[in-house]
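# Working through the structure, step by step
Given next are the chains, with one letter for each unit.
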Amino acid sequence: GKGTIRFKEELAHGANAGLDKAVAKLEPIKSKFGDVSYADLYTLAGVVAIEALGGPKIAWRRGRTDSLDPKDVTPDGRLPDADKGEPSKTS
């Protein structure tokens, strides 16, 4: 589907706990580079973060599109909840 993580409806999903902070931090970059989709910006940020933390280099390319409608947000509950606090409670 198209990128929807910036919508409050998806940020409220338990599996997305804490991502509102990352979305807010990336907003000035999106404002500066308006031609980059949110979907590309967020995936690039993830790739850079993994590499910066010592993880593997991940191939990345642009081309993702954004949804313009919060109705495109997927239903909550499709992923384990990140807001439970410990792995034994996230499934």
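Structural data are supplied above this passage.
Reading the values: rules and limits
- Residues numbered from 1 in each chain as written.
- Predicted model: local features only at pLDDT ≥ 70, side-chain atom pairs only at ≥ 80, totals over all residues.
- Heavy atoms only, no water.
- Phe/Tyr/Trp six-rings, centres within 6.5 Å; stacked < 30°, edge-to-face > 60°.
- Helix = DSSP H or I, 4+ residues; strand = E, 2+ residues; numbered from the N terminus.
- Lys NZ or Arg CZ within 6 Å of the ring centre and 35° of its normal.
- Expected span 1.5 Å × (residues − 1).
- Buried < 20%, exposed > 50% of the residue type's maximum accessible area, 1.4 Å probe, protein only.
- Contact = heavy atoms within 4.5 Å.
- Salt bridge = Lys/Arg side-chain N within 4 Å of Asp/Glu carboxyl O.

Take the packing of aromatic side chains next. One pass over the structure, following the stated rule, counts one aromatic pair. For the pair Y38 and Y42, a centre-to-centre distance of 5.8 Å together with 45° between the ring planes defines the contact as tilted. You can see Y38 and its partner Y42 sitting in helix α3 (residues 38-52), four residues apart, about one turn around the helix. The ring of F7 has R6 sitting right over it, with the charged end atom 4.4 Å from the ring centre. Here K30 stacks its cationic end above the ring of Y38, 4.9 Å away from the centre of that ring.

Along its 15 residues, α3 runs 21 Å from first to last C-alpha, staying within 8% of the 21 Å computed at 1.5 Å per residue. Every buried residue belonging to α3 is among Y38, A39, D40, L41, Y42 and V47, and all of these are buried. Structurally, α3 contributes buried residues whose contacts are with α2 (19-32). Backbone geometry just after α3 places G54 at a positive phi near 95°.

A full pass over the atoms with the stated rule returns three salt bridges. Here K21 makes a salt bridge to D20, at a shortest N to O gap of 4.0 Å. Judged by its relative accessible area of 59%, K21 falls in the exposed class.

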